[in-house]
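Notes for the structure review
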Amino acid sequence: MEALTLVFDTLVILIVVYQGLRDDRRAPAAGLFRYRDVASPEETKAPAPQETDFAGARL
Amino acid sequence: MFAAAWALLLPICMFSSFVGVLLWVWVALLSPNELLYGFMSAVPLNKIVAIATLTVLFISREKKDPYLDTTLTLLLCFAASCTISWLTALAPGADTDDLYQKLIKGIVLAFVISTVMVSRHRIHLLVLIVVVALGFLAVKEGLISLLTAGGHKILGSGSIGDNNSLATALLMAIPLNFYLARYSAVRAVRIGLYVTLGLSLVTVVMTFSRGGFVGMLVLAAFMIKNSRNKLASLAVVATAGIVIYAAAPDSWFERLHTIQDANNDNSFMGRVVAWKMSWLIANAHPLFGGGPHSVQHLSVWTAYRPFLPTLDFIQTPKADVMPHAAHSIYFEMLGDNGFVGLLLFIAAIASALWNCRRIVRLTRHEPSLAWAYDLARLAQISFVVYLITGAALSMGYFELVYIMLALTSRCHRTVKQSLAATTRLAGGPIDAHDPDMLFATAQMVR
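From a predicted model like this one, the values you see are computed outputs, not experimental measurements.

**Quick notes on the interface of chain B and chain A**
With 48 residues of chain B at the interface, the matching set in chain A holds 40 residues. Carbon and sulfur atoms make up 69% of the area that chain B and chain A hide from each other, which totals about 4000 Å². Scanning the region where chain B abuts chain A turns up one salt bridge. If you look at where chain B meets chain A, you find eight residue pairs in polar contact (both at pLDDT 80 or more).

**Observations concerning helix α7 (residues 163-183) of chain B**
All names here are of chain B. With 21 residues, α7 should reach 30 Å at 1.5 Å per residue; the first-to-last C-alpha distance of 30 Å fits that figure. At Ile-174, α7 shows its strongest bend, of approximately 30°, with the proline Pro-175 following within four residues. With 19 of its 21 residues buried, α7 lies for the most part within the structure. You can read the cap of α7 off the contacts: a side-chain oxygen lies 3.2 Å from the backbone nitrogen of Asn-164, and it is on Asp-162.

**Remarks on the pattern of salt bridges**
Residue and element names in this part refer to chain B. Under the counting rule described, the total for this entry stands at seven salt bridges over all chains. Across the salt bridge formed by Lys-140 and Glu-141, the nearest N and O atoms sit 3.5 Å from each other. Glu-141 shares its class with Lys-140; the two are buried. Through salt bridges with shared partners, one network takes in Asp-65, Arg-410 and Arg-413.

**Things to note about the nonpolar core**
Residues and elements named next belong to chain B. Counting 139 residues, the largest nonpolar core has Trp-6, Val-25, Trp-26 and Tyr-402 as the members making the most contacts within it. Here this core takes 14 residues from helix α6 (residues 120-147), the largest share from any one element. Not counting residues up to four positions away in its chain, the partners in contact with Trp-6 are Pro-11, Leu-23, Trp-26, Val-27, Met-40, Leu-45 and Val-49.

**Focus: the packing of aromatic side chains**
All names here are of chain B. For the structure shown, the criterion picks out nine aromatic pairs over all chains. Seen from their ring centres, Trp-275 and Phe-331 are 5.5 Å apart, and the 5° between their planes marks the pair as stacked. Highlighted residues: Trp-275 in helix α12 (residues 266-284) and Phe-331 in helix α14 (residues 329-363), separated in sequence by 56 residues. Phe-331 gets classed as partly exposed once you look at its relative accessible area, which sits at 25%. On the numbers, 5.7 Å between centres and 90° between planes, the contact of Trp-279 with Phe-339 is edge-to-face. You can see Trp-279 sitting in helix α12 and its partner Phe-339 sitting in helix α14, a full 60 residues away along the chain. Take Trp-279: its relative accessible area is 32%, and that puts it in the partly exposed class. For Phe-339, a relative accessible area of 28% puts it in the partly exposed group. Through pairs of rings, three or more aromatic residues link up here, namely Phe-213, Tyr-245, Trp-252 and Phe-253.

**Some details on the environment of Pro309(B)**
Its location among the elements puts Pro309(B) in the loop between α13 (298-304) and α14. Residue classification places Pro309(B) among the exposed residues on the basis of a relative accessible area of 51%.

**Overview of the side chain of Ser351(B)**
Residues and elements named next belong to chain B. Secondary-structure assignment places Ser-351 in helix α14. Under the relative-accessibility criterion, Ser-351 is labelled buried at 9%. Here Ser-351 is in contact with Thr-70, Thr-71 and Leu-74, once residues within four sequence places are set aside.

Conventions and cut-offs
Per-chain numbering applies: the sequence of each chain, read as written, is numbered from 1 onward. Throughout, the order in which chains and ligands are written sets their labels, letters from A for the former and numbers from 1 for the latter. Given that this is a predicted model, residues contribute local features only at a pLDDT of at least 70 and side-chain atom pairs are listed and counted only at 80 or more, while totals for whole chains, interfaces and linings are drawn from all residues. Values reported for side chains reflect all heavy atoms of the structure, with hydrogen atoms and water molecules removed beforehand. Here, residues are in contact when the closest pair of their heavy atoms is within 4.5 Å. Here the buried area means the combined drop in accessible surface, using a 1.4 Å probe, for two parts upon being joined, counting both sides. Put simply, a salt bridge is a Lys or Arg side-chain nitrogen that is within 4 Å of an Asp or Glu carboxyl oxygen. In protein, a polar contact requires one atom able to donate a hydrogen and another able to accept it; more generally it is a pair of N or O atoms within 3.5 Å, and residues adjacent in sequence count only if both atoms are side-chain atoms. Under the scheme used here, helices are H or I runs from DSSP no shorter than 4 residues and strands are E runs no shorter than 2 residues, and both carry numbers assigned from the N terminus. For a helix, the expected span equals 1.5 Å multiplied by the residue count minus one. Throughout, bend refers to the angle between the axes fitted to the seven residues that end at a position and the seven residues that start at it. Note on classification: 1.4 Å probe, protein chains only; a residue is buried when its accessible area is under 20% of the maximum for its type, exposed when over 50%, partly exposed between these limits. Buried Ala, Val, Leu, Ile, Met, Phe, Trp, Tyr and Cys residues that are joined via side-chain atoms within 4.5 Å together make up what is termed a nonpolar core. Note on aromatic contacts: the rings of Phe and Tyr and the six-membered ring of Trp form a pair at centre separations within 6.5 Å, being stacked when their planes are under 30 degrees apart, edge-to-face when over 60 apart, and tilted otherwise.

Honestly, that's just the spatial picture; any functional story needs more than this.
The structure is reproduced here in structure tokens:
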């Protein structure tokens, strides 16, 4: 069991290292262990966006 | 096979200090040498990866952002204080040197993490590596415990310590595991992480650690308190509690019942004696203590044993002839590194908790930084579990604590840079001559 788990753990590390090296130079990441964004309840409570002028500067 | 894997991994280290840090964290937490036989068990993987990573860090031009904030400054002062303690140790020797080296390696690793883990992508993989390293122990011990229907006795891990230390380490990793399970994009990975989380709980129960039980209660309480949806968290915690209550062996409950009678518990009273001895050492050497694990040296223990009755306002049995471990992160730091070391150690953790609080405040209404909000809330829980269960364990030199200090410090800086870039972008043109702002903008885009 120990040997099996260690082999699995090492394989995961190999994949993480490979993905880390590959995805570090591009966005968004695309590997097996990539992250995602989760919609949070706070988003609905977030204050209304400030009005901006045409250049995008906050008024 | 392991040797073949390392033959692949080590050259990759030479390409990127970021990958080197990931491997360094894995080796530091898992210490795979102790799980191997043959020539690989003697290869100093930690040292090799550390040297390779530091070399690449200094010579490469890849993204790095060295800085010094309150947490890192306190950590630096703590390293200096511990160095003086080590140099003036009451019982110098190979084991003292080893422990000092372990601490310094942990602190250097913390500084490298804070310098290199400059983006969300890197922070995500760092958390993943921590969970994979500790998840190995959780999956292995948890599966064996389930397959033997509780007949397996968990003794701990060579890299972490006894069963109590293992329980604490896994409880600290559970919030990070939960973060990853929430933020991993691939469904299979999320399922794997939830399985690891469940097996971590099984392993904690099967360590028969009373400290682990207290840690589980703390973890449950703070998971509910820090949760966005408290009702759902309460339901999950209640379900987990019911499953553990129904499935745990009777011997586990018998073990827990001994908590009620601490005064007659030899194990607990032995710890109180060790705390008193650490206090005596610190009183004799208030500034820098007696050096790494001095209380565990026979000569030191024998020298301070006659003074134990001066602390008899707390009744304890007579001290054993043979020395004991400090059995508390606080008394361990006090006896080893004096009041200065203890204060710096606590201040560094308090500063990390403050960083988490700042991250939560800064990101509360920033949907793009919800990941940092959740990571900070969950890292707080890891620290609280450590501070409470560590009160009865010698885990002051545990690498994960220093990794977590660096992680929260780095995350705080990355959040501030992202917010600064967002504000600057919304408020006006980017100054192309401002390297900090260009760096911060790059962080935001990633």
